[in-house]
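Chain by chain, the residues run as shown.
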Amino acid sequence: MDMPTNYKPFGIIEVKFKGSRKEFYLNTDNIYLEAGELVVVEAATGGYDVGHVSITGELVRMQMVKRRVKEEEVVKKIYRKATIADVDKWKAAKDLEWETMHKSRTLALQLNLSMKLSDVDYQGDKTKATFYYTAEGRVDFRELIKKMAETFRIRIEMRQIGMRQEASRLGGIGSCGRELCCSTWLTDFKTVSTSAARYQNLSLNTLKLAGQCGKLKCCLNYELDTYMDALKYIPDNVNYLKTEKGDARLQKTDIFKKLMWFSYPREESWVPLPISRVKEIQQMNRDGIIPPDLGEVVELETKPVKILDYENVVGQDSLTRLDERRNNNKKKNKNRNKSNKPNSLSENTPQRADAAAAPNPNTANLPVARPEGGGNNNNRNKKFRSNRNNQNRNGQQDKPQ
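Given the structure is predicted, the values throughout are model-derived calculations rather than measurements.

Caption draft 1: Summary view of the environment of Met 158. Its location among the elements puts Met 158 in strand β8 (residues 155–160). It is 5.9 Å that separates the C-alpha atoms of Met 158 and Thr 130, two residues lying 28 residues apart in sequence. If we skip the residues at most four places from it in the chain, Met 158 touches Met 115, Leu 117, Phe 131, Tyr 133, Phe 141, Leu 144, Ile 145 and Met 148.

In structure tokens form, the structure reads like this:
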């Protein structure tokens, strides 16, 4: 986008670090930066750190308004674009994080501290490390800091986070099959209560409602406003309706279709009623009038399922396609083996044997040319075998049973 001639770019840049941590820095030298570039920035406790540029220009001003950060509060500045030496040192520091976390966990277990170290974040100059941990209460980790400082020879900062912040830093796959919202785009963690599940007619099963962090899922709040708007038209306190046939108890409520299912005592079938009819019977019961039955019943539309004909381009619509192909190959091999076998004479094929033994009338009177030396031995053996089989077959037929 072309800017005006007198336009001055916004002098604050947003930089992103590990674990979705973002901070604002002053671009005092007016360095031309683009999103995704590595920059060297000033650290809060001395030294420098390395991060990626996330937002530049006027979008930074909007982000500061959203996070309620004033321009006067931004003090730290950007030093330069990251050089090759800075990137190598930053990568070497990041490679130490995994080993450092496991060693610090063993030290915490030796001191019997009720805390869980979840992540370690090294500074870009490899002089400081921030340890993130979760705990139910306050933990006295002064002895732990002394041992870690002696072991790693760096400055150490301990920072306690919640369960949801831990899940956002570690990441994972939710029950929906997608990556966790807190580790991708969700930044504001709002409180979630079980009432959100009640309004949406969800079963209060903690195993299904809890996420990776052990708390209630944040996605329970996504559709809550829609359900709250639809519940305005649903009558309250309708546990049962009095009729002469019996007290019809409420079994189910479809909020968006605005239908309520009732069932009579000792009957398994449910009766769907519109909200208008439910309000009418409820008012009749208040006035002391008992109707003979529920009356108006909604006929539920059952649409036939249409099977769409489509061209299967990939050819992976069937899960058993490989098994069918394997069975077809087996059948082809069996037929091929049968066709390769010689035609043998047996009792089940008497017609073929008779046809082979009987002379051909068309060639009976023709003279037979025989080679010198007695002819072909293979033809003689075949005739001898066929005559022998005929004699055995005739002998079996003449033998009395």
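Caption draft 2: Representation of the side chain of Ser 104 within the structure. Positionally, Ser 104 belongs in helix α3 (residues 97–110). Ser 104 sits in the buried class, given a relative accessible area of 0%. Residue contacts for Ser 104: discarding those within four places in its chain leaves Leu 117, Phe 131, Leu 144, Met 148 and Phe 152.

Caption draft 3: Spotlight on the sheet that holds strand β9 (residues 240–243). The strand order across the open sheet built from four strands is β9-β10-β11-β12, with neighbouring strands paired in antiparallel fashion. The two strands at the open ends of the sheet, each matched to only one other strand, are β9 and β12 (271–274). If you compare each strand with its neighbour and ignore which way they point, the axes differ by 35° on average. Note: strand β10 (residues 246–254) against strand β11 (residues 259–263), five bridges, orientation antiparallel.

Caption draft 4: Molecular detail of unusual backbone geometry. Even without being a glycine, Asn 30 presents a positive backbone phi close to 55°. Mapped onto the secondary structure, Asn 30 falls in the loop between β2 (22–26) and β3 (38–42). Unlike most non-glycine residues, Lys 258 shows phi in positive territory, near 55°. Inspection of the secondary structure assignment puts Lys 258 in the loop between β10 and β11.

Caption draft 5: Quick peek at the packing of α3 against helix α4 (residues 142–152). The N-to-C vectors of α3 and α4 enclose an angle of 140°; their axes lie 10 Å apart at closest approach. For the element pair α3 / α4, the angle class is oblique. Of the two elements, α3 crosses α4, and the hand of that crossing is right-handed. Judged by residue contacts, Thr 100, Lys 103, Ser 104, Leu 107 and Ala 108 of α3 engage Leu 144, Lys 147, Met 148, Thr 151 and Phe 152 from α4. Of the residues that constitute the contact of α3 with α4, the class distribution is five nonpolar, three polar and two charged.

Caption draft 6: Structural context of the nonpolar core. In terms of nonpolar packing, the biggest core is built from 20 residues, with Met 115, Phe 131, Phe 141, Leu 144, Met 148 and Met 158 touching the most fellow members. At the level of elements, α3, β6 (116–122), β7 (128–134), α4 and β8 are the ones that each hand at least two residues to this core. If near-sequence neighbours (up to four positions away) are discounted, Met 148 is found in contact with Ser 104, Leu 107, Phe 131, Arg 153, Ile 156 and Met 158.

Caption draft 7: Inspection of the sheet that holds β6 at higher detail. Across the sheet, three strands lie side by side as β6-β7-β8; this open sheet has mixed pairing. Since the sheet does not close on itself, it has two edges, and those belong to β6 and β8, each with one partner. The average undirected angle you get between the axes of adjacent strands in this sheet is 25°. Note: β6 against β7, six bridges, orientation antiparallel. In the strand pairing of β7, Leu 117 is matched with Tyr 133. Docked against the sheet, helix α5 (residues 163–170) engages β6 and β7, running at close to 50° with respect to β6.

What counts, and where the lines are drawn
Residues numbered from 1 in each chain as written. Predicted model: local features only at pLDDT ≥ 70, side-chain atom pairs only at ≥ 80, totals over all residues. Heavy atoms only, no water. Helix = DSSP H or I, 4+ residues; strand = E, 2+ residues; numbered from the N terminus. Contact = heavy atoms within 4.5 Å. Buried < 20%, exposed > 50% of the residue type's maximum accessible area, 1.4 Å probe, protein only. Pairing = 2+ DSSP bridges. Axes fitted to C-alpha atoms, helices over the stretch in contact; angles between N-to-C directions. Parallel < 35°, antiparallel > 145°, perpendicular 65-115°, else oblique. Left-handed = near helix turned anticlockwise from the far one by under 90°. Nonpolar A, V, L, I, M, F, W, Y, C, P; charged D, E, K, R; others polar. Core = buried A, V, L, I, M, F, W, Y, C linked by side-chain atoms within 4.5 Å.

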